[in-house]
Amino acid sequence: MPQSDAVDPAATIAIIGGGQAGAEVATQLRQNRHQGRIVLFGDENVLPYMRPPLSKAYLAGEMAAEGLIYKAAIAYEKANVELRLGQSVVAIDRNAKKLALAGGERLAYDRLVIAVGGQARKLHVPGADLGNIFYLRSIADVEQLRPQLQSGRRLVIVGGGYVGLEFAAVAIKRGLKVTVLEAAPRVLARVTAPEVSDFYERFHRAAGVEIRTGVAVSGFTARDGSDDVGTVLCGEDPAVEADFVLVGIGLLPHTELAEGAGLAVDGGILVDAAGRTNDHEIFAIGDCAVHVRHGFLHRTVRLESVPNALEQARTVAAVLTGKPIPAATPPWFWSDQYDLKLQMVGLSEGYDELAIRGSTQGSSFIAFYLTDGYVIAADAINRPSEFMASKRLIGDRIKASAADLADESVSLKALLAAAAA
């Protein structure tokens, strides 16, 4: 990266967003020897924390709130990062290069990093404002949901994606009666092959979860004499009684600040390979950012994953301090449900061949997705060591036959070695 792209070492860098992306860019800037002021704003009055465990270990009570914290307070103290927690930025004045805070304060910046993430997508149907209809995005959301997790209660989950299925796994183990309603023909339809969807549907049903696919929620009605939800309406399909509802239908990136400042937005804040917006002095990272051309995927994409957020944070920290940009890597994701660890790498969209290594009738296998003979993605269930080899197959853009990938007598390391020879 040319030195001209580096900011003055004494410059003030402001970061909006108190998640992992914001925390990482703040501390990485100091590790890269930035000497100026670093100010991190977070809406929540809590240290930046990890969101993935919210619907898994934290919800289940297997992790304390302290375990969610991404970096301890001492890390910010040592890095001399000013934490402005519980303080919201309400506007960006690009001409004056100042941030307007909710309390009326204005703060000047030389460079700005937007890492505001997103919010749970709301379901806009009649009755959606009734009580006991929940979304899951923050610690506060989990604190509201936990008292609902009582044995015998009827829970309806709208959405058969990661959050919905993870929540279902926790709830069914607590003795709740769980129904998952998914509008698509199968769960995880956007991210996995039908064979993997079928596996997860079978596993959840065997655990006692009722899964209904191809069902669109059309509204909610209240329980008699109450303002709380009592019934979930499903158009012409049978209604479902509920004591409470969790809606998990995706995420909407926070773009309000960017739009108000006149930054380019299209399904998220548009950024280049350096994380830079159409304003040379403003960057965006994490769930709120859209890669105009992702460095590895070579396409326009918005990625909702912690590894992507951290990679973008390190890239921006490198750019601002005149360091080389780290090489882009294939995106990867994970999901924990019951004793199943799903690790996914790459994006499977557009695959023309599927190879299953192991059996989907068991609880340990890998689905490999190929296009024109190249491995473009993999879904590994309970195969952590082979997942690491799968990341290399995809990251190195290796060609392999579906037959070899499915043959467990052929090691993945051997395929890597053969490709390198």
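To keep things clear, this report deals only with the structure shown in the data block. (Residues numbered from 1 in each chain as written. Predicted model: local features only at pLDDT ≥ 70, side-chain atom pairs only at ≥ 80, totals over all residues. Heavy atoms only, no water.)

## Section: the side chain of T179
Alright, step 1. Within the secondary structure layout, T179 lies in strand 11 (residues 177-182).
Alright, step 2. Here the side chain of T179 touches E210 through a polar contact of 3.3 Å, side chain to side chain.
Alright, step 3. Here T179 is in contact with L155, V156, I157, E210, R212 and V240, once residues within four sequence places are set aside. (Helix = DSSP H or I, 4+ residues; strand = E, 2+ residues; numbered from the N terminus. Polar contact = N/O pair within 3.5 Å; in protein donor to acceptor, adjacent residues only side chain to side chain. Contact = heavy atoms within 4.5 Å.)

## Points about unusual backbone geometry
Alright, step 1. In the Ramachandran plot, R33 falls in the positive-phi region, its phi being about 80 degrees despite a non-glycine side chain.
Alright, step 2. With respect to the helices, strands and loops of the structure, R33 is situated in the loop between helix 1 (20-31) and strand 2 (38-42).
Alright, step 3. Given a relative accessible area of 65%, R33 falls into the exposed group.
Alright, step 4. Despite not being glycine, N132 has its phi angle at roughly 65 degrees, a positive value.
Alright, step 5. Along the chain, N132 falls in the loop between strand 8 (118-120) and strand 9 (133-134).
Alright, step 6. N132 sits in the buried class, given a relative accessible area of 15%. (Buried < 20%, exposed > 50% of the residue type's maximum accessible area, 1.4 Å probe, protein only.)

## Quick word on the pairing of strand 16 (residues 244-247)
Alright, step 1. Where burial is concerned, the two faces of strand 16 agree: the one with F244 and L246 and the one with V245 and V247 are both buried.
Alright, step 2. For strand 9 and strand 16, the ladder comprises two bridges, and the chain directions are parallel. Bridge pairing links F134 to L246 in strand 16.
Alright, step 3. With four bridges joining them, strand 10 (residues 154-158) and strand 16 adopt parallel strand pairing. Counted as the bridge partner of L155 is F244 from strand 16. (Pairing = 2+ DSSP bridges.)

## Quick word on the sheet that holds strand 2
Alright, step 1. Pairing in this open sheet of five strands is parallel, and the strands run 3-2-1-7-19 from one edge to the other. Single-partner strands in this sheet number two, and they are strand 3 (81-85) and strand 19 (282-284). Between one strand and the next, the sheet's axes are offset by a mean angle of 15 degrees, whatever the strand orientation.
Alright, step 2. Alignment of strand 1 (residues 13-16) against strand 2, held across four bridges, turns out to be parallel. For I15, the partnering residue across the bridge sits in strand 2 and is L40. (Axes fitted to C-alpha atoms, helices over the stretch in contact; angles between N-to-C directions.)

## Examining the sheet that holds strand 14 (residues 229-234)
Alright, step 1. A sheet is described by the order of its strands in space; here three strands give the open sequence 13-14-15, paired in antiparallel fashion. Of all the strands in the sheet, just strand 13 (219-222) and strand 15 (237-241) have a single pairing partner and so form its edges. Each strand of the sheet is rotated relative to its neighbour by a mean of 25 degrees, with strand direction disregarded.
Alright, step 2. Direction of pairing for strand 14 relative to strand 15: antiparallel, over a ladder of three bridges. Residue V232 lies in a different strand from strand 15, and its bridge partner there is V240.

## Focus on the side chain of Q312
Alright, step 1. In this structure, Q312 sits in helix 8 (residues 306-320).
Alright, step 2. Sequence-distant contacts of Q312, that is, excluding residues within four places in its chain, are made with V271, A284, I285, G286, A289 and H291.

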